[in-house]
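Listed below are the residues making up each chain.
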Amino acid sequence: EKNYTSNERGFYNAIKWQPSSSVYFRAYYDVFTFPAFSYNIKAPTLGNDIFVEIGKKLASAKVYLRLKYEVKKEEIQKKLIRCRAHYEQQINHFTLHYRLETSIYNHQFGWLIFQDIKTSYRGLTTTLRVAYFNTPDFNTAIYAYQPNVLYAFQSLAYADAGSQILLMLGKRLGQHLKCWLQLSHVVYFDKNQVGSGDFQTLGQHRTFANFQLQYLL
């Protein structure tokens, strides 16, 4: 349940079934308890987590549906339900990704929808993402991987209401030289400031830029 196993007892059971080469099913059930008090939690914690995913490969496409249900009882009971529908299709030199995901925390509802367009032409790889999201707060935030420079992993928490446009470029400049550039611009519809502390910016906009240059010996 956490990054470490101290003060945790539980049982985890998973299954993966592939009835054919184009269809798969996987699921797990996790029940856990933290007998001693945890940070900022003045009561024992117990809960369970259920995950189900079914997917299918088509001629030039892939689709999967995912459901995750978690109940956690600390000082109060918390219930979180996440549903995702993802579709990927190959059309000539373009790969299209469509995703719709919802998040329900107790009685709060949030959603995310985005499309990725990926292509490669004459050594230039391009990924374009357009996303819209609306989640009440971080309890219903929806996380999604962000295309990024080589070896960099970034997952953005889509929280509050807004939109995002992301452009990712990769190019081989010669036999020994490669470069990558990521630009991401997020607009929050109902905020006058974004972030906190040293990362706080005034206004509704937040822009990220990453550049990487690799020289191969």
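Residues numbered from 1 in each chain as written. Predicted model: local features only at pLDDT ≥ 70, side-chain atom pairs only at ≥ 80, totals over all residues. Heavy atoms only, no water.

A. Highlighting the overall build of the protein. Counting its regular elements, the protein contains zero helices and 15 strands. Considering only C-alpha atoms, the protein reaches an extent of 60 × 55 × 40 Å along its principal axes. Buried positions account for 32% of the 217 residues belonging to the protein. Within the protein, residue pairs in contact and separated by at least 24 positions form 43% of the contacts whose partners lie at least 6 positions apart. Approximately 13,900 Å² of the protein is accessible, and the part contributed by carbon and sulfur atoms is 59%. Within the protein, the 15 negative side-chain charges are centred at a point lying 9 Å from the centre of the 25 positive side-chain charges. (Helix = DSSP H or I, 4+ residues; strand = E, 2+ residues; numbered from the N terminus. Buried < 20%, exposed > 50% of the residue type's maximum accessible area, 1.4 Å probe, protein only. Contact = heavy atoms within 4.5 Å. Areas by Shrake-Rupley, 256 points an atom, 1.4 Å probe, with all protein chains shown as cover. Lys, Arg positive; Asp, Glu negative; His and termini not counted. Charge placed at Lys NZ, Arg CZ, Asp CG, Glu CD.)

B. Representation of unusual backbone geometry. One non-glycine residue, Asn 106, lies in positive phi territory at about 50°. Looking at the secondary structure, you find Asn 106 in the loop between strand E6 (94–105) and strand E7 (108–121). The backbone of Tyr 151 sits at a positive phi, close to 70°, despite the residue not being glycine. Take Tyr 151: it is sitting in the loop between strand E9 (142–145) and strand E10 (155–158). By relative accessible area, Tyr 151 is classed as exposed at 77%.

C. Molecular detail of the pattern of salt bridges. In this structure the tally under the stated criterion is seven salt bridges. In this structure, the salt-bridge partner of Arg 66 is Glu 53, at a minimum N-O distance of 2.6 Å. Here Arg 66 is found in strand E4 (residues 61–73), whereas its partner Glu 53 is found in strand E3 (residues 45–57), with 13 residues between them in sequence. Assessed through its relative accessible area of 23%, Arg 66 is described here as partly exposed. A relative accessible area of 2% means that Glu 53 is categorised as buried. As a salt-bridge pair, Asp 160 and Lys 191 come within 2.8 Å of each other at their nearest N and O atoms. Of the two residues, Asp 160 is situated in strand E11 (residues 160–172) and Lys 191 in the loop between strand E12 (177–188) and strand E13 (193–194); the sequence distance between them amounts to 31 residues. Judged by relative accessible area, Lys 191 falls into the partly exposed class, the value being 22%. Here the salt bridges share partners, and the residues they tie into one network are Arg 26, Glu 53 and Arg 66. (Salt bridge = Lys/Arg side-chain N within 4 Å of Asp/Glu carboxyl O.)

D. Focus on the packing of aromatic side chains. On inspection of all chains with the given rule, the structure shows seven aromatic pairs. Judged by centre distance (6.2 Å) and plane angle (35°), the rings of Tyr 87 and Tyr 98 are tilted. Here Tyr 98 lies in strand E6 and Tyr 87 lies in strand E5 (residues 77–91), a separation of eleven residues in the sequence. Using a relative accessible area of 33% as the deciding quantity, one classes Tyr 98 as partly exposed. By the ring-pair criterion, three or more aromatic residues cluster together here, those being Tyr 12, Tyr 28 and Phe 51. Residue placement shows Arg 129 over the ring face of Phe 114; its charged tip is 4.1 Å from the ring centre. (Phe/Tyr/Trp six-rings, centres within 6.5 Å; stacked < 30°, edge-to-face > 60°. Lys NZ or Arg CZ within 6 Å of the ring centre and 35° of its normal.)

E. Representation of the sheet that holds strand E1 (residues 9–20). Taken together, the eleven strands give an open sheet; going across it, the order is E1-E2-E3-E4-E5-E6-E7-E8-E11-E12-E15, and neighbouring strands pair in antiparallel fashion. The sheet is open, and its two borders are formed by E1 and strand E15 (205–215), each paired with just one other strand. Between one strand axis and the next, the sheet turns by 10° as a mean value, whatever way the strands run. In this sheet, E5 lies alongside E4 in antiparallel orientation, the contact comprising 13 bridges. Of the residues in E5, the one forming a bridge with Val 63 is Tyr 87. (Pairing = 2+ DSSP bridges. Axes fitted to C-alpha atoms, helices over the stretch in contact; angles between N-to-C directions.)

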